[in-house]
Amino acid sequence: MRLIEFEEEPEDMGELACGVPNILVVGCGGAGNNEVNRLNEIGIKGAKTIALNTDSQALHRTVADVKILIGKSITSGMGAGGDPKLGKRCMDVSRPSVESLVRNANLVFITAGMGGGTGTGSAPIVAEIAREQGAIVVAIVTTPFDIERDRLYKAEVGLDELDQFAHSVIVLDNNQLIPQVGNKPVNEAFKVMDNIIAEIIKGITEVITEPSLINLDYNDVKSVMQHGGASTMLYGKALAIDPEDVVETVLSHQLLDVDIRGATGALVHISCSEKLSLMNLQEIADGITQNLDEGANVILGARIDPNLDDEVKVMSIITGLGTYDEPEMDAAQKQNWDKWQIQAVW
């Protein structure tokens, strides 16, 4: 484990082994560092974790393969004070360090919390650097609670900048935590979101880099992600004997409540024990992707996990959202729809 302070050049990661993609997970700012911590806690094979922050104390508490204190000459390691412009300046100063680290990267996951200083200011620059180096860039970020008005505005600006460089941007709303885990202690509630993000990154990474029942390779991921645009994640676990329940659990996850109809791409990863039949595997994959565009690029990966026993775990990244057009309703349909909406409100 190394701590790189601002302008110091990190050593070259070396030539890529033939056929083995170089996958990086970069956690920007406090929320991003928490995600890197979680990934290292559950263990991830086939990816290097990088934590960058303007806050020296927070960085020292982070477990990562490489840690970068950005903008030390500007903030003296005392954080960006919630100012994305300051976070951006710090990232610009330390740009050579990040450029060196991502030089040979093929796939870069970026995690951050939008609305603060370091994550909001640095994540778009990391995405820009990684994309310039030829990597596929997938950003998975969280947005503030509605009560955090100023942070919401900063988050919107940061997302617009991030969207210019990342191939796929997955946005998770912290407000979804309140109805689902609002009664849990704060730290435990946030860990629920961290867990989902970590499981998705771990699942996609390991199905690329580790032997699987149905393998995905880097080019499979690239074909889905490079034209991703607006994207989302799906995640769920249920008993393998009931494929319909598995599909419903995955599609109805309240923390990931997004309309995927008409989406143009999907990377679906299914973990199961040896008990899962081929027919059930097919039914689960069909159920999850049935409402996507007819020509959607769907890539399926599957892995045997003996720890799951009678359960199935599904993780997916859905890309190309926002392409679905609501069909026209006749008068009777519209009246029934309006009536249902009124009942739903009451």
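Keep in mind the model is a prediction, meaning the values are calculated, not measured. (Residues numbered from 1 in each chain as written. Predicted model: local features only at pLDDT ≥ 70, side-chain atom pairs only at ≥ 80, totals over all residues. Heavy atoms only, no water.)

*Asks:* So what's going on with the overall build of the chain? Which residues, and what values?
*Replies:* Secondary structure assignment for the chain yields 13 helices and 11 strands. Counting only residues that meet the buried cut, the chain has 51% of its 346 residues in that class. Looking at the chain alone, contacts between residues at least 24 apart form 78% of all its contacts between residues at least 6 apart. Total accessible area on the chain is roughly 16400 Å²; 49% of this is exposed by carbon and sulfur atoms. (Helix = DSSP H or I, 4+ residues; strand = E, 2+ residues; numbered from the N terminus. Buried < 20%, exposed > 50% of the residue type's maximum accessible area, 1.4 Å probe, protein only. Contact = heavy atoms within 4.5 Å. Areas by Shrake-Rupley, 256 points an atom, 1.4 Å probe, with all protein chains shown as cover.)

*Asks:* Give me the side chain of K313: which residues, what numbers.
*Replies:* Summarising the element assignment, K313 is placed in strand 11 (residues 311-319). Owing to a relative accessible area of 12%, K313 belongs among the buried residues under this scheme. A distance of 3.3 Å separates the side chain of K313 from the side chain of E199, its partner in a polar contact. In contact with K313, not counting residues within four places along its chain, are E199, Y235, G236, K237, H269, I270, S271 and L308. (Polar contact = N/O pair within 3.5 Å; in protein donor to acceptor, adjacent residues only side chain to side chain.)

*Asks:* Which residues make up the packing of helix 11 (residues 243-251) against helix 12 (residues 278-289), and what are the values?
*Replies:* Relative orientation of the contacting elements helix 11 and helix 12 amounts to 35°, with a least axis distance of 9 Å. Of the two elements, helix 11 crosses helix 12, and the hand of that crossing is right-handed. Contact residues: P243, V246, V247, V250 and L251 in helix 11; N280, E283, I284, G287 and I288 in helix 12. Grouping the amino acids of the contact of helix 11 with helix 12 by side-chain chemistry returns seven nonpolar, two polar and one charged. (Axes fitted to C-alpha atoms, helices over the stretch in contact; angles between N-to-C directions. Left-handed = near helix turned anticlockwise from the far one by under 90°. Nonpolar A, V, L, I, M, F, W, Y, C, P; charged D, E, K, R; others polar.)

*Asks:* Before we move on, can you summarise a negative patch on the surface with the specific residues and values?
*Replies:* A cluster of acidic side chains, namely D242, E244, E248, E283 and D286, defines a negative patch on the protein surface. For the negative patch, the secondary structure elements donating two or more residues are helix 11 and helix 12. By the secondary structure assignment, D286 is in helix 12. On the basis of relative accessible area, D286 is assigned to the partly exposed category, the value being 40%. (Patch = residues over 30% accessible without salt bridge, like charges linked within 9 Å, V, L, I, M, F, W, Y side chains within 5 Å. Salt bridge = Lys/Arg side-chain N within 4 Å of Asp/Glu carboxyl O. Lys, Arg positive; Asp, Glu negative; His and termini not counted. Charge placed at Lys NZ, Arg CZ, Asp CG, Glu CD.)

*Asks:* Quick rundown of the confidence of the model for the chain? Include the residues and the values.
*Replies:* For the chain, per-residue confidence averages 86 on the pLDDT scale, and 87% of positions sit at 70 or higher. Across residues 323-327, where pLDDT falls below 50, the model places six contacts with residues more than four positions away in sequence or in other chains. (pLDDT = per-residue confidence, 0-100.)

*Asks:* So what's going on with the packing of aromatic side chains? Which residues, and what values?
*Replies:* A complete count under the given rule lists one aromatic pair for this structure. Residues F145 and F190 carry aromatic rings whose centres are separated by 6.1 Å and whose planes lie at 65° to one another, so their mutual orientation is edge-to-face. Of this pair, F145 sits in the loop between strand 6 (136-143) and helix 7 (149-163) while F190 is found in helix 9 (residues 186-209), placing the two residues 45 residues apart along the sequence. Since its relative accessible area comes to 32%, F190 is described here as partly exposed. (Phe/Tyr/Trp six-rings, centres within 6.5 Å; stacked < 30°, edge-to-face > 60°.)

*Asks:* So what's going on with unusual backbone geometry? Which residues, and what values?
*Replies:* The phi angle at S76 is positive, at roughly 55°, despite the residue not being glycine. Here S76 lies in the loop between helix 3 (72-75) and helix 4 (84-93). Not every positive phi belongs to a glycine, and D309 is a case in point at roughly 55°. Inspection of the secondary structure assignment puts D309 in the loop between strand 10 (297-304) and strand 11.

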